[in-house]
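What follows is each chain in one-letter form.
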Amino acid sequence: MLSERRLQVLRAIVQDYVGTEEPVGSKALTERHNLGVSPATVRNDMAALEDEGFIAQPHTSAGRIPTDKGYRLFVDKLAGVKPMTAPERRAIQNFLDGAVDLDDVVARTVRLLAQLTRQVAVVQYPSLTRSTVRHVELLALAPARLMLVLITDTGRVEQRMVDCPAPFGEASLADLRARLNSRVAGRRFSDVPRLVEDLADAFENEDRGTVTTVLSTLLETLVEENEERLMIGGTANLTRFGHDFPLVIRPVLEALEEQVVLLKLLGEAGDSGMTVRIGHENAYEGLNSTSVVSVGYGSGGEAVAKLGVVGPTRMDYPGTMGAVRAVARYVGQILAES
């Protein structure tokens, strides 16, 4: 275990390196921070931190920089989440309140996160597997043609055309709409197949073919939409950090184009807690020089998807964690109210 003073020295090194982009020396630390000890003592503490792998000496510079291990200790033990100011919170709310539908909510969230953190923002669309049905609408387009509209609790809307085997009357359509919603409204997608399996039996023989066709279309919609979708923004922000990527920026950009990689980075959507993955903790090699900060968002108490940012390991972790958490909270509120 590191002593309290060495933890203070590590915190000061991380803060200075993030703020100045320059390797940090013992003289600068004692001048800038009230550590209460001499530069010689700080030098000894830095040597101990280096021996334990928390800081390293780049090139022949006299200063030191944090390693992935140093950043990890900083995030776990030393960095609180920096709360947003009241004007920042109002700006977030005003920006997101203008959204007109789910696509607009996701697009605005990506733009907002990228602007607030000056990193690359990644937002996962709410997953239908964790969603519930808000309403199923059935509209007659022709005597034997219907439109099925599925609306989820997160505001997602899916539309499908249904060609019926025979004309379907208005009274039968109203009956099917009412029976269907009484069974599935407010229920999880995963429960729907079981809830509607015997619904066709409640109808006259001449209508059962159409009811079965409508239910098949509904179940196909639930299965089709299991594919996870993402939106990404602010990639140009990476160019500000050219010197933070020791080789070239291309592997990072290539990784960001891989949707599967990004979904794995964000982690399981059901896990709503804050996750910070630093440097080599990212399994994908192209992202070994980056950190990923992500958190779940959703309506009610359960996360339906994740959002987060990708940036260099030399990141303002308290500020980034605060922004990610605040944005997730407001997006959750909007979904709950939509």
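Note: the structure precedes this text.
Only a predicted model underlies this, so the values are computations on that prediction, with no experimental measurement involved.

Trainee: Would you mind going over helix α12 (residues 317–337) in detail, with residue names and values included?
Mentor: Between its terminal C-alpha atoms α12 stretches 30 Å, which fits the 30 Å expected from 21 residues at 1.5 Å a residue. Across the 21 residues that make up α12, a large majority, 16, are buried. For α12, the N-terminal capping position is held by Asp-316, with its side-chain oxygen 3.1 Å away from the main-chain nitrogen of Gly-319.

Trainee: Outline the packing of helix α6 (residues 102–117) against α12, listing residues and values.
Mentor: Packing of α6 against α12 leaves a shortest axis separation of 10 Å and a crossing angle of 165°. As far as their axial angle goes, α12 and α6 are roughly antiparallel. In this structure, α6 meets α12 at a crossing whose hand is right-handed. Together, Leu-102, Val-105, Thr-109, Leu-112, Leu-113, Leu-116 and Thr-117 of α6 and Thr-320, Ala-323, Val-324, Val-327, Val-331, Ile-334 and Leu-335 of α12 make up the contact between the two elements. Its residues assigned to classes, the contact of α6 with α12 shows 11 nonpolar, three polar and no charged.

Trainee: Tell me what's going on with the packing of helix α5 (residues 86–97) against α12, and back it up with residues and numbers.
Mentor: At a closest axis distance of 10 Å, the pairing of α5 and α12 adopts a crossing angle of 40°. With respect to α12, the axis of α5 lies oblique. The hand of the α5/α12 crossing is right-handed. On α12, the residues that touch Arg-89, Ile-92, Gln-93, Leu-96 and Asp-97 of α5 are Ala-326, Val-327, Tyr-330, Val-331 and Ile-334. Classifying every residue of the contact of α5 with α12 by side-chain character gives seven nonpolar, one polar and two charged.

Trainee: Give me the environment of Arg-108: which residues, what numbers.
Mentor: Topologically, Arg-108 is positioned in helix α6. Put simply, Arg-108 and Asp-97 are 11 residues apart on the chain and 9.7 Å apart in space, counted from C-alpha to C-alpha. Here the side chain of Arg-108 touches Gly-98 through a polar contact of 3.4 Å, landing on its backbone oxygen.

Trainee: Go over the environment of Ala-200 with me, naming the residues and quoting the values.
Mentor: Looking at where Ala-200 falls in the secondary structure, it is placed in the loop between α8 (192–196) and α9 (205–224). On the accessibility criterion, Ala-200 (12% relative accessible area) is buried. Through-space distance from the C-alpha of Ala-200 to that of Gly-267 is 40 Å; in sequence the pair is 67 residues apart. Setting aside anything within four residues of it in sequence, one finds Ala-200 in contact with Arg-208, Val-211, Thr-212 and Leu-215.

Procedures and definitions
Residues numbered from 1 in each chain as written. Predicted model: local features only at pLDDT ≥ 70, side-chain atom pairs only at ≥ 80, totals over all residues. Heavy atoms only, no water. Helix = DSSP H or I, 4+ residues; strand = E, 2+ residues; numbered from the N terminus. Expected span 1.5 Å × (residues − 1). Buried < 20%, exposed > 50% of the residue type's maximum accessible area, 1.4 Å probe, protein only. Polar contact = N/O pair within 3.5 Å; in protein donor to acceptor, adjacent residues only side chain to side chain. Axes fitted to C-alpha atoms, helices over the stretch in contact; angles between N-to-C directions. Parallel < 35°, antiparallel > 145°, perpendicular 65-115°, else oblique. Left-handed = near helix turned anticlockwise from the far one by under 90°. Contact = heavy atoms within 4.5 Å. Nonpolar A, V, L, I, M, F, W, Y, C, P; charged D, E, K, R; others polar.

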